[in-house]
Amino acid sequence: MFFLCLGHSSIFASPADSEAYLDILVEQSRKKDLSQKRLWHLLLHYKKGFFGGVESQEDGPDFFNAAKGKTDPQAELAATLKQFFSSLGSLKKGEEHPQCNFPARYKWLKSQLSFDPQRLQEQSCPRFEGWRKGLIPERITLVFASYYMNNPASMFGHTLLRIDKKREGVDQKLLDYGVNYAATLDTDNALLYSIKGLLGFFKGTFTIFPYYTKVQKYSQFESRDLWEYALNFTEDQIDMFLRHLWELGGNYFDYYYFQENCSYHILSLLEVANPALRLTDSFWFHVIPSDTVKAVTRYEDLIAKKVYRPSLLSQMNHKRLQMNEQEAALFQALIVDRNLVKTEPYMKLNVDRKALVLDTFLDYAQYQSMGAKGDQKTALAGERDILLERSRLKFQRQDRIKQIEFSTLPEQGHGSDRLKLGSGRTDGQIFEEFSYRPAYHDLLAKDTGYGKDSQILFLDLTLRYYNDLHKSKLERLQLIDIISLTPYDQLFKKKSWIFSIGLDTIKDIECGLCNALKTHYGIGLTYKPSPFAPAVFYTLLDFEVEAARQLEDNFRAGGGGTLGFLVDVTDDWRLQVIGNYLTFPLGHVSDYAQLAINQRISVNQNLDLRAEFSRLKDKEEWLLSINYYF
Amino acid sequence: MKKVIVMIAGFLFFAPSAFAAGYGDAGCGLGSMVFGDAPGPVQIFAATTNGTSYSQGFGITSGTSNCDASGVILAERADDVFVVQNFDSLAKEMATGEGEHLTTLAGLLGCSADKNTEFASFTQQNYEAIFVSDQTTSAEMLSAVKREISSHPEFSSSCVN
């Protein structure tokens with residue numbers, strides 16, 4: 001048996017008997033085919049390899065007891081059993097006993113093989129036990145951090161877990177521990193950061209933090225609403241979860257942006273808790289945090305309850321919505337001049353309205369102080385006059401109970417992949433259109449579960465077949481296509497912007513529907529009457545560069561402007577009108593104006609119908625399509 | 001053609017900006033913190049890397065002095081660590097007389113949960129004594145709260161710590 005030669009040699013109390021008992025256990029494990037059981041594969045993070053066999057996704061060498069453990073489940077199981085026999089004397093200083101390093105494997109193998117404590121001595125694990133006692137888990141909660149202002153990429157969200165401690169009578173969720181899986185960064189160079197992340201050069205590790213640090217980071221500093229999903233697990237399942245988390249704590253996975261990212265490994269932990277859950281199977285190309293919420297919520301019995309935790313800005317906006325015009329004006333003025341609390345417009349307010357204005361101001365001041373650079377931990381204390389004035393009102397508003405939800409549940413959103421089939425007519429030609437993109441959300445799609453008035457698309461491919469010409473053409477291949485229409489707000493004065501890069505079809509010049517490499521950037525302002533208004537208006541200043549062989553000098557560069565209007569006529573019906581004009585003074589001198597009218601009607605969460613019309617110079621184009629999200 | 005390349009490169013390689021040093025909490029999304037909401041494509045990588053600049057295994061941000069060997073905060077230091085980390089929230093909630101951070105602190109000080117509203121009114125009324133000046137540190141604030149509790153007829157007995 002080759003595996004007996006692996007690992008460091010151990011000195012047993014009675015070596016002969018230990019070796020004999022080890023042989024028996026290994027033989028039993030073979031008979032029961034334990035190394036092929038689902039839980040063993042989950043504990044070792046084995047996934048089917050490209051060329052048959054399995055390979056573990058875990059990349060820390062300490063995670064395996066056998067030299068071939070990464071690819072050989074049986075060798076790893078036998079070597080793990082052997083390690084459980086290690087005598088304390090054989091351990092290096094500061095080294096934990098293998099039974100303590102792998103408490104989940106130990107618990108499972110013990111239950112499967114009914115270890116005889118006389119022949120395999122059970123070790124005490126004070127470090128692990130101390131850690132577990134500090135956590136005293138009662139429940140596991142999945143936490144999803146949603147979108148934040150003016151950052152469409154944040155729509156991908158983030159997921160972490162919270163270990164809810166057993167407490168008598170008191171609600172102290174802030175003191176619970178959050179479990180986070182994240183890449184360990186070793187660079188703040190944006191280019192290196194991107195490349196290393198794509199190729200898996202970062203190490204991903206699990207960490208635990210008090211939940212209040214997470215609330216501070218996501219809910220206050222980044223001001224993202226949090227959704228908390230309390231999960232139903234038995235005590236035994238939670239125990240297995242914790243044991244496995246301990247096993248992972250000292251090891252690492254190679255971190256990949258799209259596949260083995262924060263969400264993926266969070267799901268694999270939940271599978272260890274309950275192997276009947278199939279959470280990671282459906283992901284093959286990319287894992288997006290909101291998709292992990294969908295994977296979990298698909299098991300309806302798993303969800304005990306959902307809690308909305310409004311971000312600091314959502315709390316503030318909730319208060320702003322309760323103000324009348326004078327109070328809103330007073331709040332704005334207070335930001336410029338704190339002494340207004342000593343003047344009449346404020347003084348003559350009722351105490352509850354005074355409290356409303358000051359509480360809104362304090363939310364704002366706290367948000368600003370979080371954004372302050374450096375370690376100005378006491379920034380809010382600088383607002384002492386307002387804080388004192390507020391405390392002297394001796395009034396408690398108690399409106400946390402009626403908090404409006406500013407974001408929607410991620411699992412109610414459409415799927416992140418989209419397949420589009422359409423048929424249309426352009427300049428007299430009939431064509432069929434096929435389109436696919438792996439991610440994520442476009443401006444015309446229903447925004448339930450996503451950020452409002454935003455778009456982020458990756459690898460958006462569109463092909464057309466022109467019936468009369470009998471020709472297939474690449475219509476468009478967008479590498480990245482982002483739209484961020486952040487309503488202009490006196491408080492934050494954010495600009496809106498759009499950016500895209502990819503291949504597109506030139507239509508204003510007769511070049512046989514030729515393709516051009518195109519980069520577009522636009523910056524401007526968006527107007528929205530109120531946070532929940534169904535319509536937005538926006539205007540952009542545009543810059544565009546196109547490169548194509550068919551153009552004079554092989555390129556053209558210029559700019560122009562866009563006016564846009566978006567309205568949700570009903571919950572399921574969105575209308576968009578865009579007019580833009582572009583002129584290219586550099587390279588191939590040209591210009592054109594375009595008008596587009598697009599409509600979308602949602603049939604259900606993952607299906608919509610669209611009618612798109614555009615007019616460019618004297619050419620009209622119609623497109624009817626059906627869009628399926630999955 | 002060269003112009004095109006330069007322009008595209010300009011779009012792609014915005015330098016990271018607004019590095020927020022004060023909030024060293026690790027986790028998915030540190031990237032988005034590094035890049036803030038600077039308009040530009042860098043955000044894409046920021047929000048998908050989900051990085052952390054720490055590599056401390058099981059640990060917390062406040063440093064190991066407050067933790068046991070396995071990274072869980074020591075019970076006897078829990079209130080200090082909490083107050084340091086949530087100073088602004090506590091200042092705000094004590095002034096407004098309500099909030100989750102405040103009830104959490106009440107619990108850490110051993111006050112029973114059914115007295116949360118009274119505790120919040122109590123810290124609101126004593127705000128000036130708890131935050132003596134705009135230079136008050138979190139440690140001074142915490143000891144002031146404890147002092148006020150001990151001289152209060154009801155809380156001195158209902159808060160056990």
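Reading the values: the criteria
- Residues numbered from 1 in each chain as written.
- Chains lettered and ligands numbered in written order.
- Predicted model: local features only at pLDDT ≥ 70, side-chain atom pairs only at ≥ 80, totals over all residues.
- Heavy atoms only, no water.
- Helix = DSSP H or I, 4+ residues; strand = E, 2+ residues; numbered from the N terminus.
- Buried < 20%, exposed > 50% of the residue type's maximum accessible area, 1.4 Å probe, protein only.
- Areas by Shrake-Rupley, 256 points an atom, 1.4 Å probe, with all protein chains shown as cover.
- 1 Å grid on protein atoms, 1.4 Å probe; cavity = no way out; pocket = protein on both sides within 12 Å on 5 of 7 lines; lining within 4 Å.
- Points joined across faces, edges and corners; volume = space filled by probe spheres on them.
- Nonpolar A, V, L, I, M, F, W, Y, C, P; charged D, E, K, R; others polar.
- Disulfide = S-S within 2.5 Å.
- Phe/Tyr/Trp six-rings, centres within 6.5 Å; stacked < 30°, edge-to-face > 60°.
- Lys NZ or Arg CZ within 6 Å of the ring centre and 35° of its normal.
- Contact = heavy atoms within 4.5 Å.
- Patch = residues over 30% accessible without salt bridge, like charges linked within 9 Å, V, L, I, M, F, W, Y side chains within 5 Å.
- Salt bridge = Lys/Arg side-chain N within 4 Å of Asp/Glu carboxyl O.
- Core = buried A, V, L, I, M, F, W, Y, C linked by side-chain atoms within 4.5 Å.

Caption draft 1: Main features of the overall build of chain A. The secondary structure content of chain A amounts to 16 helices and 22 strands. For chain A, the C-alpha atoms occupy an extent of roughly 90 × 80 × 40 Å along the three principal directions. When burial is assessed residue by residue, chain A has 58% of its 630 residues classed as buried. As displayed, chain A has an accessible area near 26,600 Å², and 55% of this comes from carbon and sulfur atoms.

Caption draft 2: Empty space enclosed by the protein, seen in detail. Counting across every chain of the model gives three cavities of 30 Å³ or more. In this structure, the largest cavity spans a volume of roughly 70 Å³. The residue inventory of the lining of the largest cavity, partitioned by class, reads four nonpolar, five polar and no charged.

Caption draft 3: Here's a closer look at the environment of Ser150 of chain B. Examined against the element boundaries, Ser150 of chain B turns out to sit in helix 9 (residues 138-150). Taking the C-alpha atoms as reference points, Ser150 of chain B and Thr123 of chain B, separated by 27 residues in sequence, lie 13 Å from one another.

Caption draft 4: Focus on the state of the cysteines. All names here are of chain A. Per the counting criterion, the structure on display carries three disulfides over all chains. Bridging Cys100 to Cys125, the disulfide has an S-S length of 2.0 Å. Its S-S torsion of about -80° marks the bond between Cys100 and Cys125 as left-handed, since a negative value means left-handed. In this pair, Cys100 is assigned in helix 4 (residues 98-101) and Cys125 in the loop between helix 5 (103-113) and helix 6 (126-135), connecting sequence segments 25 residues apart. Between the sulfur atoms of Cys511 and its disulfide partner Cys514 the distance amounts to 2.0 Å.

Caption draft 5: Just the packing of aromatic side chains, in detail. All names here are of chain A. Taken as a whole, this structure holds 29 aromatic pairs over all chains when the rule is applied. Consider the rings of Tyr181 and Phe206, whose centres lie 5.0 Å apart with planes at 50°: the pair is tilted. Note that Tyr181 is positioned in strand 5 (residues 177-184) and Phe206 in strand 6 (residues 202-210), a separation of 25 residues in sequence. Since its relative accessible area comes to 1%, Phe206 is described here as buried. Within the aromatic cluster, the residues linked to one another by ring pairs are Phe331, Tyr364, Tyr367 and Phe492. Over the aromatic face of Phe63 sits the side chain of Arg105, whose NZ or CZ is 4.7 Å from the ring centroid. Above the ring of Tyr211, the side-chain terminus of Arg162 is found at 4.8 Å from the ring centroid.

Caption draft 6: Summary view of helix 5 (residues 87-96) of chain B. Residue and element names in this part refer to chain B. Among the 10 residues that make up helix 5, 10 are buried, leaving the element largely enclosed by the rest of the structure. Within helix 5 the residues assigned to the buried category are Phe87, Asp88, Ser89, Leu90, Ala91, Lys92, Glu93, Met94, Ala95 and Thr96. Backbone geometry just after helix 5 places Gly97 at a positive phi near 80°.

Caption draft 7: The environment of Trp40 of chain A, seen in detail. Residue and element names in this part refer to chain A. Inspection of the secondary structure puts Trp40 in helix 2 (residues 38-44). Sequence separation between Trp40 and Leu77 is 37 residues; the distance between their C-alpha atoms is 8.4 Å. Non-local contacts of Trp40, meaning those with residues more than four positions away in its chain, are made with Leu34, Ser35, Tyr46, Pro73, Glu76, Leu77, Thr80, Arg105, Trp108 and Leu109.

Caption draft 8: Representation of a nonpolar patch on the surface in the model. All names here are of chain A. Taken together, the side chains of Leu419, Leu421, Phe434, Leu463, Val569, Trp573, Ile601, Val603, Leu609, Ile626, Tyr628 and Phe630 define a hydrophobic patch exposed on the protein surface, amounting to about 1,000 Å² of accessible area. Listed by contribution, the elements that provide at least two residues to the nonpolar patch are strand 10 (418-426), strand 20 (590-604) and strand 22 (619-629). Structurally, Ile626 is set in strand 22. Overall, Ile626 belongs to the partly exposed group, its relative accessible area being 38%.

Caption draft 9: Broad picture of the nonpolar core. Formed by 69 residues in total, the largest nonpolar core has its most connected members in Leu81, Leu109, Phe115, Leu231, Phe241 and Leu245 of chain A. The dominant element in this core, judged by the number of residues it contributes, is helix 9 (residues 235-249) of chain A, at seven residues. Apart from the residues within four sequence positions on either side, Leu109 of chain A is in contact with Leu34, Trp40, Leu77, Thr80, Leu81, Phe84, Ser114 and Phe115 of chain A. Judged by nonpolar contacts, the second largest core, of 64 residues, contains Leu174 and Phe492 of chain A together with Ala78 and Ala91 of chain B.

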